[in-house]
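Listed below are the residues making up each chain.
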Amino acid sequence: MSHRKAQNLEIDNLDIQILSILMKNATTPYTEIAKELIVSGGTIHVRMKKLEEMGVIKGASLEVDPQKLGYDITAFLGIYLEKGSQYHEAVKQLKAVKEIVELHYTTGSYSIFAKIVCHDTNHLREVLNEHIQSVKGIQRTETFISLEESIRRQITLE
């Protein structure tokens, strides 16, 4: 097997092939995957259930283009906390800010790094001033506006 075991999970090449197909197009029918991989549809179903139970598959989602829905600003925020011990409470409050689409606890200069989407710069200012900077424990933020997303992808398994 050319792939490493992920945390002692039993994942073989067939699992990797199934995941690779579905990561490219999550709507691919199991019967089509089965034909391509020369196995039964039941095998695909059993493997998918196993991968879900192992926590390898977290779910499936629909990807939309935020710009087509009127969200023209993507920004990244470096968030400084007053104390690292305030992280969990800050995250609890930040979960209520619907414009935050990703949030990471990081090493380096920032305690937290977030990705947010907003309609325009006025909306961004409102989100920063009224929703994020008012969170207890946040000392200050630095904002980086994305001019263009050049790469967006899943990990490659093959």
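Shown above is the structure to which this text applies.
Here the structure is a predicted model, which is why all the values come from computation and not from measurement.

Rules and cut-offs
Residues numbered from 1 in each chain as written. Predicted model: local features only at pLDDT ≥ 70, side-chain atom pairs only at ≥ 80, totals over all residues. Heavy atoms only, no water. Helix = DSSP H or I, 4+ residues; strand = E, 2+ residues; numbered from the N terminus. Patch = residues over 30% accessible without salt bridge, like charges linked within 9 Å, V, L, I, M, F, W, Y side chains within 5 Å. Areas by Shrake-Rupley, 256 points an atom, 1.4 Å probe, with all protein chains shown as cover. Salt bridge = Lys/Arg side-chain N within 4 Å of Asp/Glu carboxyl O. Buried < 20%, exposed > 50% of the residue type's maximum accessible area, 1.4 Å probe, protein only. Arc of directions from axis to C-beta. Contact = heavy atoms within 4.5 Å. Core = buried A, V, L, I, M, F, W, Y, C linked by side-chain atoms within 4.5 Å. Axes fitted to C-alpha atoms, helices over the stretch in contact; angles between N-to-C directions. Parallel < 35°, antiparallel > 145°, perpendicular 65-115°, else oblique. Left-handed = near helix turned anticlockwise from the far one by under 90°. Nonpolar A, V, L, I, M, F, W, Y, C, P; charged D, E, K, R; others polar. Phe/Tyr/Trp six-rings, centres within 6.5 Å; stacked < 30°, edge-to-face > 60°. Pairing = 2+ DSSP bridges.

Draft legend 1. Quick look at unusual backbone geometry. At I38, a position not held by glycine, the phi torsion is positive, near 55 degrees. By the secondary structure assignment, I38 is in the loop between α2 (30-37) and α3 (41-53).

Draft legend 2. A nonpolar patch on the surface, seen in detail. Taken together, the side chains of L62, V64 and L69 make up a nonpolar region of the molecular surface, amounting to roughly 350 Å² of accessible area. Position of L69 relative to the elements: it lies in the loop between α3 and β1 (73-81).

Draft legend 3. Structural detail: helix α4 (residues 87-94). All of the buried residues along α4 are Y87, A90, V91 and L94. What you see down the axis of α4 is that its buried residues fit within an arc of 100 degrees, all on one side. Across α4 from its buried face, at more than 90 degrees, point the exposed residues H88 and K92. Contacts made by the buried residues of α4 are with β1, β2 (100-105), β3 (112-118), α5 (121-132) and β4 (138-145).

Draft legend 4. Broad picture of the nonpolar core. Grouped together as the largest cluster of nonpolar side chains are 21 residues, with contacts concentrated most on I79, L94, I116 and I132. For this core, the secondary-structure elements that each account for two or more residues are β1, α4, β3 and α5. In this structure, L14, L22, I33 and A34 belong to the second largest nonpolar core, which totals 15 residues.

Draft legend 5. Spatial organisation of the packing of helix α1 (residues 13-24) against α2. Across the interface, α1 lies against α2 with an axial gap of 11 Å and an inter-helix angle of 130 degrees. With respect to each other, α1 and α2 are oriented oblique. Here α1 runs over α2; the crossing is right-handed. Across the interface between the two elements, L14, Q17, I18, I21 and L22 from α1 touch Y30, I33, E36 and L37 from α2. Taken together, the residues of the contact of α1 with α2 break down into seven nonpolar, one polar and one charged.

Draft legend 6. Region of interest: the packing of aromatic side chains. With the rule as written, the count across this model stands at six aromatic pairs. Summarising the aromatic geometry, the rings of Y80 and Y110 are spaced 5.1 Å apart at their centres and angled 65 degrees between planes, so their arrangement reads as edge-to-face. Here the residue Y80 occupies a position in strand β1, and Y110 occupies one in the loop between β2 and β3, the gap between them amounting to 30 residues. Pair check on accessibility: Y80 and Y110 agree, each one buried.

Draft legend 7. View of the sheet that holds β4. As summarised here, the arrangement of the four strands in space is β2-β3-β1-β4, forming an open sheet in which the pairing is antiparallel. Looking at which strands have only one partner, the edges of the open sheet turn out to be β2 and β4. Strand-to-strand twist of the sheet, defined as the mean angle between neighbouring strand axes without regard to direction, takes the value 20 degrees. With seven bridges connecting them, β1 and β4 associate as antiparallel partners. Of the residues in β4, the one forming a bridge with L81 is I138. Where α4 meets the sheet, its contacts fall on β1, β2, β3 and β4, and the angle it forms with β2 comes to roughly 175 degrees. In this fold α5 packs onto β1, β2, β3 and β4, with an angle of close to 135 degrees to the strand it touches most, β3.

Draft legend 8. Focus on the pairing of β3. Summarising burial for β3: six of the seven residues are buried, a large majority. Judged from the seven bridges that link them, β1 and β3 form a sheet pairing that is antiparallel. Directly across from A75, in β3, lies its bridge partner I116. In the sheet, β2 pairs with β3 via five bridges, with the strands oriented antiparallel. Its bridge partner being in β3, E102 is matched across the sheet by K115. Linkage of β2 to β3, two consecutive antiparallel strands, is achieved through a turn of six residues, within which G108 is found at a positive phi near 95 degrees.

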